[in-house]
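Residue-level structure breakdown
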Amino acid sequence: MKSAVETLNPTRVRLTVEVPFEELKDSLDAAYKKINQQVTVKGFRKGKIPARVIDQRFGRGAVLEEAVNDALPKFYTDAVNNAELNVLGQPEVDITELKDGETLNFTAEVDIRPAIEIPDYSGIEVEVDAVEVSDEDVDKAVTELRERFASTSPVERAAEDGDVVTIDLEAKVDGEVLEDGVASGVSYTIGSGELLDGIDDAVKGLEAGGEATFTSELKGGSAAGKEAEVTVKVTQVAARELPELDDDFAQLASEFDTLDELKADSRQRLENTKQYDQATQAQERVLEKLLELVEVPVPEKLLEDEINTRKHNLEHHQLGQMGLDLEKYLEIQGKTAEEFDTETREAAVKGIKTQFVLDELVNKEKLNVSQEELTEHLMRRAASSGMSPDQFAQAVVEGGQVPMLVGEVARGKALAVVVEASTVKDTNGEIVDLDDEEEDETESSSETEAETGTEADASAEATEEKPEA
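Residues numbered from 1 in each chain as written. Predicted model: local features only at pLDDT ≥ 70, side-chain atom pairs only at ≥ 80, totals over all residues. Heavy atoms only, no water.

Quick look at the packing of helix H11 (residues 371-385) against helix H13 (residues 402-421) now. Put simply, H11 and H13 touch, their axes get as near as 10 Å, and they point 105° apart. Classified by the angle between their axes, H11 and H13 sit roughly perpendicular to one another. Contacts from Glu-373, Leu-374, His-377, Leu-378 and Arg-381 in H11 reach Val-402, Leu-405, Val-406, Glu-408, Val-409 and Lys-413 in H13. In terms of residue class, the contact of H11 with H13 is made up of six nonpolar, one polar and four charged. (Axes fitted to C-alpha atoms, helices over the stretch in contact; angles between N-to-C directions. Helix = DSSP H or I, 4+ residues; strand = E, 2+ residues; numbered from the N terminus. Parallel < 35°, antiparallel > 145°, perpendicular 65-115°, else oblique. Contact = heavy atoms within 4.5 Å. Nonpolar A, V, L, I, M, F, W, Y, C, P; charged D, E, K, R; others polar.)

This is the structure:
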């Protein structure tokens, strides 16, 4: 077999392959054997029909077609390996010549990973938010904790903001009560925004036994997105009472004996959260700077697949679970279809570029993924998916997604290398040392890559199919 490569553009090549006919022998034998098992010819036992009889009865062309379809994937793969190409997706194969007993010639056009030159990234500088926790931040955190331990007691007065009301609801669309539009004994905190738009104004000022009707767009159920006439009846009004802010509260709400200890712990937790956010912000901004330094051509077919994947996941998974369609989602977001398409395309381009650049860095820095790192990443992904580690691991193995997870971890490590080499300053002009957050940084960067790059990886894998004539 002889093959040659023609570069069509930085992300696409054409392979020209010439195969001597004798190299088709194994595939021809397999074709005759397969046809033998599928057909019956009078006078011959099944599976014992001579090749010449099959040619006479069913045509040599049918045998050749079967043989070529069987052989093409191997010859294509050999040509790719000989040229040391890093292909993406399914090739477009065209048989240019097939002479029985002489030769098989074909071409295959396919996308490839572009050659990327990683420049010196040690000069990257970014600015991130300073880690500052104010007394007001601590007071807010403690107040939120107090609200979790609030008690309620019935009152004989009109409902006010912050009260907890017990209500019965009935929703009608076009004058008809919905089967799933009736609820009794619902507990609702006025001002929480957890139920229907307009309900706060409807119940405020009502005492127990009071009733009001208002119009609202339903957020879920059989009539999600439709305007409904909602009748709400208040059966009880209860006032919320916060516990006293003292040492007794600290002992009730935490493992600490004093309020000062509780506040000190709250401050430390807030600092830890802001440090984590700062590390994540550093990674995101360093990545942006890195992508600006590197010229990355994007294969159009891969980009198209990535855009379609993102739209499919949004429409059929995320929005479906929320009871929304794309049109309603765009209305809520205040976006036009054109703006949505533009944003989706930009995100897809960034995801593909991120993957290509970080993969090149993995190779350049010779980064490897240990079993321990893969296991830790798997457990984090399992937790975020709501599955047990065993369930998630089984799903990953059965879906053939282990290489994808390895890629996520490796790309996370590559980004961490760039962050470490960069200069990170906070808004106060102070150098930020991220060494203390190294473990969190690697974890966060892996998760960032999971969001921005692996969908492109999955799209490429999904289209890597065997070529056929």
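Our focus in this paragraph is the confidence of the model for the protein. Confidence in the prediction for the protein averages 88 pLDDT; 93% of positions are at 70 or higher. Confidence over residues 438-456 falls short of pLDDT 50; this stretch has 46 contacts with residues more than four positions distant or in other chains. This model gives residues 458-466 a pLDDT under 50, and the stretch forms 21 contacts once residues within four places in sequence are excluded. (pLDDT = per-residue confidence, 0-100.)

The next point concerns the pattern of salt bridges. Evaluated as defined, the whole model comprises 29 salt bridges. In this structure, Glu-92 and Arg-12 form a salt bridge, with 3.6 Å as the shortest nitrogen-oxygen distance. Of the two residues, Glu-92 sits in strand E3 (residues 87-99) while Arg-12 sits in strand E2 (residues 12-20), which places them 80 residues apart along the sequence. Each of Glu-6, Arg-12, Arg-14, Glu-92, Glu-109 and Asp-111 takes part in a single network of salt bridges with overlapping partners. (Salt bridge = Lys/Arg side-chain N within 4 Å of Asp/Glu carboxyl O.)

Here we take up the pairing of strand E4 (residues 103-112). The side chains of a regular strand alternate, residue by residue, between the two faces of the sheet. Within E4, nine of the ten residues are buried, which leaves it mostly tucked inside the rest of the structure. As paired strands, E2 and E4 are joined by nine bridges and run antiparallel to one another. Looking at the pairing, Val-13 lines up with Val-110 of E4. Note that E3 and E4 share nine bridges and pair antiparallel. If you follow Ile-95 over to E4, its bridge partner there is Phe-106. In this structure, the hairpin formed by E3 and E4 is closed by a connection of three residues, where Gly-101 is found at a positive phi of approximately 85°. (Buried < 20%, exposed > 50% of the residue type's maximum accessible area, 1.4 Å probe, protein only. Pairing = 2+ DSSP bridges.)

A word on unusual backbone geometry. Its identity is not glycine, yet Asp-174 carries a phi of approximately 55°, on the positive side. With respect to the secondary-structure elements, Asp-174 resides in the loop between strand E7 (164-173) and strand E8 (176-189). With relative accessibility at 75%, the residue Asp-174 sits in the exposed group. In this model, Lys-366 sits at a positive phi of 55°, which is unusual for a non-glycine residue. Positionally, Lys-366 belongs in the loop between helix H10 (337-364) and H11.

Moving on, we get to the domain arrangement of the protein. Here the protein is described as being made up of domain 1 (2-111), domain 2 (151-241) and domain 3 (259-437). Taking only C-alpha atoms into account, the centre of domain 1 sits 42 Å from that of domain 3. Approximately 360 Å² of surface area, both sides summed, lies buried where domain 1 meets domain 3, with 79% of it carried by carbon and sulfur atoms. Counting the surface domain 1 buries against domain 3, the share from its top three residues, Thr-11, Leu-88 and Asp-111, is 89%. Between the two partners, domain 1 and domain 3, sit zero salt bridges. The tally of links from domain 1 across to domain 3 stands at zero residue pairs in polar contact (both at pLDDT 80 or more). (Domains from an automatic or database assignment. Buried area = accessible area lost by both parts, 1.4 Å probe. Polar contact = N/O pair within 3.5 Å; in protein donor to acceptor, adjacent residues only side chain to side chain.)

According to UniProt, the positions carrying the feature "domain: PPIase FKBP-type" (unreviewed entry) are residues 162-215. Annotated as residues 162-215, this span is 9% helix and 54% strand, and its ends, taken at the C-alpha atoms, are 22 Å apart. (UniProt positions renumbered as here; feature names shortened; annotations may be inferred.)

On the surface, Val-397, Val-402 and Val-406 cluster together into a nonpolar patch covering about 210 Å² of accessible area. Secondary-structure assignment places Val-402 in helix H13. (Patch = residues over 30% accessible without salt bridge, like charges linked within 9 Å, V, L, I, M, F, W, Y side chains within 5 Å. Areas by Shrake-Rupley, 256 points an atom, 1.4 Å probe, with all protein chains shown as cover.)

Taken together, the four strands give an open sheet; going across it, the order is E1-E2-E4-E3, and neighbouring strands pair in antiparallel fashion. Two strands bound the open sheet, and with one partner strand each, they are strand E1 (2-9) and E3. Averaged over all neighbouring strand pairs, the angle between strand axes comes to 20°, with direction disregarded. Sheet topology note: the E1/E2 ladder contains seven bridges and is antiparallel.

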